[in-house]
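# Structural description and commentary
So you can see what is in the structure, the chains are spelled out below.
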Amino acid sequence: MTDTAAPEALDSAIAVVGMNGRFPGAPDLDTYWANLLGGITSITDFTEEELLADGADPAQVRGRDYVPSKGVLADADRFEASLFGFNRTEAAALDPQHRLLLQTAWSALEDAGYDPLAAPRRTGVYVGGGVTAHMLAAQTDPALAAQIGALQVRILTDREFLAPWISYRLGLDGPSLTVQTACSTSLTAIHLACQALLLGDCDTALAGGVAVDTVRRRGYVHYQGGIFSPDGRCRPFDQASGGTVPGNGVGVVVLRRLADALADGDPVRAVIRGSAVTNDGAARVGFTAPGVDQQTAAIVEAWTTAGLDPADAQYLEAHGTATELGDRIEATAATAAFKGALGTGSIGLGSVKANIGHLDAAAGVAGVVKTVLMLEHAVIAPTAGAGRPHPELVLGDSPFHVVTEAEDWPEPEYGPRRAGVSSVGIGGTNVHVVLEQAPPRSRDTGTPGPEVLLLSAHTEDALKALAGRLATALRAPDAPSLADTAHTLRFGRTPLAVRAYVLAADREEAAIRLGELAEGSPVSAPAAADDLRAIGEAWLRDERLPWPRRGRRVSLPTYPFGGESYGEHGPATAPASREQASQDDNPASPAPEAGDGLDTSVRALLVETLGLAGTGDLAMTYFAAGGDSLAAVHLVGCLRDDFGIDVPLTLFLEELTLDELARRIVEAGEPDDALDALLGEFENA
């Protein structure tokens, strides 16, 4: 069998070739699917002690209307900083949303079978996020500005730079747009990415969103008539609905034109047949209220763009905030759009907010990922906690029924499985996307036989974790062929420093060997595999040998990100003097003699700005320590303002150790007029 699709669908269809996300209760998509299928509510209820330990206001926490609940994203403060080229100081300043999006974009490309640092040319980025406590604290902290520079603080924390950081760190040269339409941000980003692909602005696109208002444990205050639930649960379209619950999460999809994806052998997970965006304008009761007509228009336009009728849908993933006004307007708008459906209650209706809360800028992509998973598994997941439909929604006379239990989703007689995903933003931006099951793909490729699986990671622990994940994946009933697995690991992963390889004759043997690697045991190997063993040994030495191209890209477990906790920037604190920092690094060292004080201070400045563990790290080069051009401009300014030393900016571009750099700085000459102009440019930027 070959990968095929109806010719008339290829021109405007967009393939979802990869995706990744982290959501409340789900560190990966396998867990996310298990939670969705089980109707699990992944909203956390905090104790008073937990809230106070994280710095919540005691008076507020003990107030009558305080609700100690939220959709929590576990380990949202952890980051593999050095993998992305950030030094410790930058990583601590970098907003948690930036950290999460970088790692999720990396994993999404891996899921598509592409090396994240060698993605296809003309790859664009379309993402958005929200305002964070970290950003607000960092941008108003004079100590942090003095340490790394006010412009650097802004670039590391402002959501304006969410997309550009991904493009820069992953080397993506397509358009890079940060999108903001409030709660509909990530679905708008997906729509814009699809349009860019169809217009030829890019050939591959990353699209999605992130929402981490704070990594600390926080609840919220319920106001009568407000949008938040009084009991910490979100029940869309239900009699018990009372509002939504905040949540944190992140999701990214990798998109390509369907024709290109099929031609290149990409692992297509689903197809976007059409999308549309509208705004309610003034046709609503207030700025924050939704409107009926333009929600209906967004749905109809998206299905018209797809060349389909809304009646062709079997499921609608709704925005579903569970507010009385929002659900009523959305149900009315959807009923008008889907009025041609075959029979009352023929279309399933649900909202992932019942499971994970309202993810704000990441809400739309959470719904898209859920719907893609349902299309793949041919099962419609239940809406968590759904009981009886709200009487004011009049769903009994509509094309919809709220999905309360998992339902099989057979392929319809008249075409493939299809669904719509809607998102509505405060401010009136409505988005709708039409999703369709992927065209059939042949299960296996390549000739059965021994293969070498090449693995690498940033740390030994990550390598073991990756091996364990791969072992589990290869034991699954729908596991890819060994040839496809080997091919994807070779061409769809970035070669990292810590390496290993496994030789195996079939999937079961590969799973056994990978399990041995995960446990730290000696890995056995087939006797007759000298040519493959030579490839593996060359891999360990970072050498390249000819690779037999006999596989294709498939979806495999992605990199097991861990990293240390960088927390969240808090209230401004007075910085320690650089002299004190230097003494703290070397408590046993005697005070510098006359003439040595300047050298000590310069070294302390480098340690502080680059976030080094101490002066012992000065054997590294500036760029190996995570320095970049912006940090260099900041250092040049500090050297001039604090010590009266003028050095050319080009000094930081030379291949010098930091020890040698410090010596050259102290020996630097007279001020440079050209430097004055350059510093003035950055200060006025």
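Notes on the structure in this doc start here. (Residues numbered from 1 in each chain as written. Predicted model: local features only at pLDDT ≥ 70, side-chain atom pairs only at ≥ 80, totals over all residues. Heavy atoms only, no water.)

### Focus on the overall build of the protein
Check the secondary structure of the protein and you find 25 helices and 21 strands. Of the contacts formed within the protein by residues at least 6 apart in sequence, a portion of 79% connects residues at least 24 apart. When the accessible surface of the protein is totalled, it reaches about 27,300 Å², and 52% of it is carbon and sulfur. (Helix = DSSP H or I, 4+ residues; strand = E, 2+ residues; numbered from the N terminus. Contact = heavy atoms within 4.5 Å. Areas by Shrake-Rupley, 256 points an atom, 1.4 Å probe, with all protein chains shown as cover.)

### Some words on the nonpolar core
Phe86, Ile166 and Leu453 are the most contacted members of the largest nonpolar core, which totals 86 residues. Leave out the neighbours within four places in its chain, and Leu453 touches Leu474, Leu482, Thr485, Ala486, Leu489, Ala500, Tyr501, Val502, Ala510 and Leu514. Counting residues in hydrophobic clusters, the runner-up holds 50 residues, among them Met19, Phe23, Val179 and Val421. (Core = buried A, V, L, I, M, F, W, Y, C linked by side-chain atoms within 4.5 Å. Buried < 20%, exposed > 50% of the residue type's maximum accessible area, 1.4 Å probe, protein only.)

### Things to note about the packing of aromatic side chains
Here the structure, examined in full by the defined rule, presents 15 aromatic pairs. Ring geometry for Tyr220 versus Phe228: centroids 5.0 Å apart, planes at 40°, classification tilted. According to the relative accessible area criterion, Tyr220 is buried, its value standing at 5%. Phe228 gets classed as partly exposed once you look at its relative accessible area, which sits at 27%. Taken together, the ring pairs connect Phe79, Phe84, Phe86, Trp106, Trp165, Tyr168, Tyr559 and Phe561 into an aromatic cluster. Across from the ring centre of Trp539, 4.3 Å away, lies the NZ or CZ of Arg499, which sits over that ring. (Phe/Tyr/Trp six-rings, centres within 6.5 Å; stacked < 30°, edge-to-face > 60°. Lys NZ or Arg CZ within 6 Å of the ring centre and 35° of its normal.)

### Comments concerning helix α9 (residues 150–157)
Buried residues of α9: Gln152, Val153, Ile155, Leu156 and Thr157, and no others. Residues of α9 that are buried in the fold lie against α5 (88–93), α6 (96–111), α7 (133–139), α8 (142–148), α10 (162–170) and α23 (629–643).

### Here we look at empty space enclosed by the protein
Tallied over the entire structure, the rule returns 8 cavities of 30 Å³ or more. Its volume calculated, the largest cavity comes out at about 110 Å³. Surrounding the largest cavity, Trp106, Glu110, Leu454, Leu455, Ser456, Leu466, Leu489, Arg493, Thr494, Leu496, Trp539 and Tyr559 form its lining. Listing elements by their share of the lining of the largest cavity, those giving two or more residues are α6 and β19 (451–457). Here the lining of the largest cavity is composed, by residue class, of 8 nonpolar, 2 polar and 2 charged. (1 Å grid on protein atoms, 1.4 Å probe; cavity = no way out; pocket = protein on both sides within 12 Å on 5 of 7 lines; lining within 4 Å. Points joined across faces, edges and corners; volume = space filled by probe spheres on them. Nonpolar A, V, L, I, M, F, W, Y, C, P; charged D, E, K, R; others polar.)

### Here's the deal with the packing of helix α22 (residues 597–610) against α23
Where α22 meets α23, the closest approach of the two axes is 11 Å, and the angle between their N-to-C directions is 145°. You can see that α22 and α23 cross each other, and the crossing is right-handed. In this structure, α22 uses Leu598, Ser601, Val602, Leu605, Leu606 and Thr609 to contact α23, whose residues at the interface are His634, Leu635, Cys638, Leu639 and Phe643. Class assignment of the residues belonging to the contact of α22 with α23 gives a composition of 8 nonpolar, 3 polar and no charged. (Axes fitted to C-alpha atoms, helices over the stretch in contact; angles between N-to-C directions. Left-handed = near helix turned anticlockwise from the far one by under 90°.)

### Notes on unusual backbone geometry
The phi angle at Ala182 is positive, at roughly 60°, despite the residue not being glycine. Looking at where Ala182 falls in the secondary structure, it is placed in the loop between β7 (176–178) and α11 (185–199).

### Focus: the pairing of strand β17 (residues 418–424)
β17 sits mainly inside the fold: 7 of its 7 residues count as buried. Side chains of β17 alternate between two faces, with Arg418, Gly420, Ser422 and Val424 and Ala419, Val421 and Ser423 buried alike. Two strands pair when backbone bridges link them, and strand β12 (residues 315–317) and β17 are joined in this way by 3 bridges, in the parallel orientation. Looking across to β17, one finds that Leu316 is bridged to Gly420. With 7 bridges joining them, β17 and strand β18 (residues 429–437) adopt antiparallel strand pairing. (Pairing = 2+ DSSP bridges.)

### A look at the pattern of salt bridges
On inspection of all chains with the given rule, the structure shows 33 salt bridges. With a closest N to O distance of 2.8 Å, Glu436 and Arg273 form a salt bridge. Residue Glu436 is located in strand β18, and its partner Arg273 is located in strand β11 (residues 270–279); the two are separated by 163 residues in the primary sequence. Arg273 shares its class with Glu436; the two are buried. (Salt bridge = Lys/Arg side-chain N within 4 Å of Asp/Glu carboxyl O.)

### Comments concerning helix α13 (residues 292–305)
Between its first and last C-alpha atoms α13 spans 20 Å; for 14 residues at 1.5 Å apiece the expected length is 20 Å, and the two agree. By the burial criterion, the buried members of α13 are Gln295, Thr296, Ala297, Ala298, Ile299, Ala302 and Trp303. Where α13 is buried, its residues contact β11, α14 (324–337), β17 and β18. (Expected span 1.5 Å × (residues − 1).)

### Comments concerning the packing of α11 against helix α16 (residues 363–377)
With their axes 4 Å apart at the nearest point, α11 and α16 run at an angle of 65° to one another. Comparing the axis directions of α11 and α16 gives the class roughly perpendicular. Each of Ser186, Leu187 and Ile190 in α11 lies in contact with α16, whose residues at this interface are Ala363, Gly364, Val365 and Val368. A per-class count over the contact of α11 with α16 returns 5 nonpolar, 2 polar and no charged. (Parallel < 35°, antiparallel > 145°, perpendicular 65-115°, else oblique.)

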